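Residue-level structure breakdown
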Amino acid sequence: MMENSQPKPNIIQPSAPQPKRVSLVTRPRKILRGVLLGLLLITIYSLATLNNANLNLAEAFHSLGVNLSAMFLHPSVGQDSWQLLLRALVTSVSLALLTTLLGALIAFFIAVGAARNLSPAWLATSIKAVMAFIRAIPTILWVLIYSVVMGLGASAAVVGLTFHSVAYLVKAYSESIEETPQDTIEALKASGVGFWPIVFQAILPSIVPALLSWTFIRFEINFANAVAVGAAAGADDIGYFLFMAGSFYFNFHEVGLIVYLLLGVAIILELISMKLRGHYLKQTN
Amino acid sequence: MKTNYHSPQQFFRQRRLRLFTVLVILLGIYFTSMALVNFQTWNSITKIPAGLIWLFHNFIPTERSISSLGQILYQLWRTLLVSISSTVVASLFSLVFAILGAKTTTPNEAVRLIVRFGASLLRNIPVVAWAMILLFSFKQSDFTGFLALFFMTLGYLTRAFTETIEDLDAEKLQALQAVGANYFQCVFCGILPEAASTMTSWVLYMIENNLRDATLVGLLTGTGVGFLFDFYFKSFRYDAAGLIVLLIAVLVIVLELTSTQIRRAIA
């Protein structure tokens, strides 16, 4: 006879395991949120304390609208002639071309010294530190500083712009050079190839596309800088006319025309850079 | 290049010819622009060492310039604030524009083209022109610099953000759509979290850039540390001007290092 004489069996309840929360908020996410929050707080603080010089904002924006429509809807030559403005525009482009070419040439040789895989570590580090310092000072300050030594005008502008271009390009070039595999250089060294043949026959051909694209980016920057230099340091280019029209004659029609000219150049530059990049990408693939 | 070379000699001859042509073209450009700019290469290059010596002689901050340190630091702080706030405000606007303008999230093609065109327009008007345009309406206030930097940054960041969104994996978006997420869920839960760290690193880059441009804008509009530099520079107080240059360099380098650290931490 089966009798359930045993004490009641323990019923084992299948207990659910302690739920483990998997947080999607990882450490990088937390830092990201912190950074964004910090930036937002700084922004709110600075907007609240912005020195608005007793401006009536509504009025100011209204006058901005009037000026913008004068600029873009009714551009005109103003007190200068077309010939003068176009000549100045050509000067700006030449200034950018000149400083980019000069800067690229100098920067390449310095970059060879600044690349870790070609030169001793102490040399590379010290060159990079000096270049970082030069880069940290805005271009326009370099131009102003040189204008004291050489007098206001083209020479100071060229030297100042070149200075900054060299510092910028050395960084870009040396990073491109460092991407060349160490094996290539070692193999060539082992077979007795000299230093400069390695640079010109092995490294240079393999990094030409990168160099070209960096140089072109710098050319665009230099064009913008050339305009700025004209406005702030009185080199005889389109920036100077822009500055005069904007803050001496208050001729917004002329400012509009100059802005249109600059936009035209910028669009042409972008088209060229697209073509150039397409051409080189096709060749390397 | 699909040209067949018959002999190594021919290959090298071709190569030499091509190199020679490129060199001639570059030299031509160089000399033409030299003539147009009216720049004497040798004359200027020989002056560089003298210039550097002069620089180290006159731009070294002296005890006299320490007295203006307080004012310089205050203006530098203001400039930093303006460059950060203009970037952050611009980034909020460009986030909206980028969502409207990216191929994957655009509501329709016409909006996309308008956003693209507008961003390119804003980007290509030089900051000098912005400063001139705004100076007349907003006078010598921090607001002029803020808006000039704002418009420039808006153009750049809209383009950068658009490209960031377009570079994201399209399959994830399709998966979200397949499970029935609506447009806003796709954007806010699918795209933004994924793109956030890249976008933040663009914002940090623009802050660095804007700090440099803020000096120029300040110079032109008479605000911030740029104006202070101009003031000392034009009144021949080179030691104080040198102190400003030094402090700007230090600030830019510190900012660069900090943002590199942050970028590494959030990657």
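In the nomenclature of an unreviewed UniProt entry, chain B is known as Phosphonate ABC transporter, permease protein PhnE of Lactiplantibacillus modestisalitolerans. Recorded in UniProt for chain B, the comment headed Sequence similarities (unreviewed entry) runs: "Belongs to the binding-protein-dependent transport system permease family." For the record of chain B, the UniProt heading Subcellular location (unreviewed entry) holds the text "Cell membrane".

As annotated in an unreviewed UniProt entry, chain A is PhnE/PtxC family ABC transporter permease from Lactiplantibacillus modestisalitolerans.

Here the focus is the overall build of chain B. Each helix and strand counted, chain B has 11 helices and 0 strands in total. For chain B, the sequential pattern of α-helices and β-strands runs α-α-α-α-α-α-α-α-α-α-α. For a compact globule of 267 residues, the expected C-alpha radius of gyration is about 18 Å, and chain B comes in at 25 Å, more than 25% above that figure. Pairs at least 24 apart in sequence give 74% of the contacts found in chain B among residues at least 6 apart.

All names here are of chain B. The UniProt record annotates "transmembrane region" (unreviewed entry) at residues 17-36, 80-101, 113-136, 143-162, 182-207, 214-234 and 240-258. Secondary structure content for residues 80-101 is 100% helix and 0% strand, while the C-alpha to C-alpha distance between its ends is 30 Å. Between the end C-alpha atoms of residues 182-207 there is a gap of 34 Å, over a span that is 96% helix and 0% strand.

This part takes up helix α5 (residues 139-150) of chain A. In an α-helix, one turn spans 3.6 residues; hence positions three or four apart end up facing the same way. Between its terminal C-alpha atoms α5 of chain A stretches 16 Å, which fits the 16 Å expected from 12 residues at 1.5 Å a residue. With 10 of 12 residues buried, α5 of chain A is to be regarded as a mostly interior element. Considered for burial, the residues of α5 of chain A that qualify are Thr139, Ile140, Leu141, Trp142, Val143, Leu144, Ile145, Tyr146, Ser147 and Met150 of chain A. Buried residues along α5 of chain A sit against α6 (154-178) and α8 (195-233) of chain A together with α2 (41-58), α9 (183-221), α10 (224-234) and α11 (238-266) of chain B. Positive phi shows up at Gly151 of chain A, right after α5 of chain A, with a value of about 85°.

Take the interface of chain B and chain A next. With 60 residues of chain B at the interface, the matching set in chain A holds 60 residues. Mapped onto the side of chain B that touches chain A, the elements with two or more residues apiece are α1 (8-37), α2, α4 (69-101), α6 (127-138), α7 (142-167), α9, α10 and α11 of chain B. With 9 residues, the top contributor of residues to the side of chain B that touches chain A is α6 of chain B. Its residues placed into classes, the side of chain B that touches chain A shows 43 nonpolar, 13 polar and 4 charged.

Once that is clear, we can look at the UniProt feature "transmembrane region" (unreviewed entry) in chain A. UniProt's feature table lists "transmembrane region" (unreviewed entry) at residues 31-48, 89-115, 152-173, 193-216, 223-243 and 255-272 of chain A, given in the numbering used throughout. Strand forms 0% of residues 255-272 of chain A and helix 100%; the C-alpha atoms that close the span are 26 Å apart.

Looking now at the environment of Arg264 of chain B. Inspection of the secondary structure puts Arg264 of chain B in helix α11. Separated by 52 residues in sequence, Arg264 of chain B and Arg212 of chain B have C-alpha atoms that sit 23 Å apart.

So, about the UniProt feature "domain: ABC transmembrane type-1" (unreviewed entry) in chain B. As annotated in UniProt, the feature "domain: ABC transmembrane type-1" (unreviewed entry) corresponds to residues 76-259 of chain B in the numbering used here. Within residues 76-259 of chain B, the helical portion is 88% and the strand portion 0%, while the C-alpha atoms at the span's ends are 18 Å from each other.

Turning our attention to the nonpolar core. In this structure, Leu242 of chain A together with Ile244 of chain B are the most contacted members of the largest nonpolar core, which totals 138 residues. Sequence-distant contacts of Leu242 of chain A, that is, excluding residues within four places in its chain, are made with Val227, Ala231, Val255 and Ile258 of chain A together with Val128, Ala129 and Met132 of chain B.

Residue and element names in this part refer to chain B. A rise of 1.5 Å per residue sets the reference length of α6, with its 12 residues, at 16 Å; its end C-alpha atoms lie 15 Å apart and thus fit the reference within 8%. Of all 12 residues in α6, 11 are buried, a share of seventy percent or more. Every buried residue of α6 is accounted for by Val127, Val128, Ala129, Trp130, Ala131, Met132, Ile133, Leu134, Leu135, Ser137 and Phe138. Of the residues trailing α6, Lys139 is marked for its positive phi of about 55°.

Conventions and cut-offs
- Residues numbered from 1 in each chain as written.
- Chains lettered and ligands numbered in written order.
- Predicted model: local features only at pLDDT ≥ 70, side-chain atom pairs only at ≥ 80, totals over all residues.
- UniProt positions renumbered as here; feature names shortened; annotations may be inferred.
- Helix = DSSP H or I, 4+ residues; strand = E, 2+ residues; numbered from the N terminus.
- Rg over C-alpha atoms; globule rule 2.2 N^0.38 Å.
- Contact = placed C-beta atoms within 7 Å.
- Expected span 1.5 Å × (residues − 1).
- Buried ≥ 20, exposed ≤ 12 C-beta atoms within 10 Å, placed from the backbone.
- Nonpolar A, V, L, I, M, F, W, Y, C, P; charged D, E, K, R; others polar.
- Core = buried A, V, L, I, M, F, W, Y, C linked by C-beta atoms within 7 Å.

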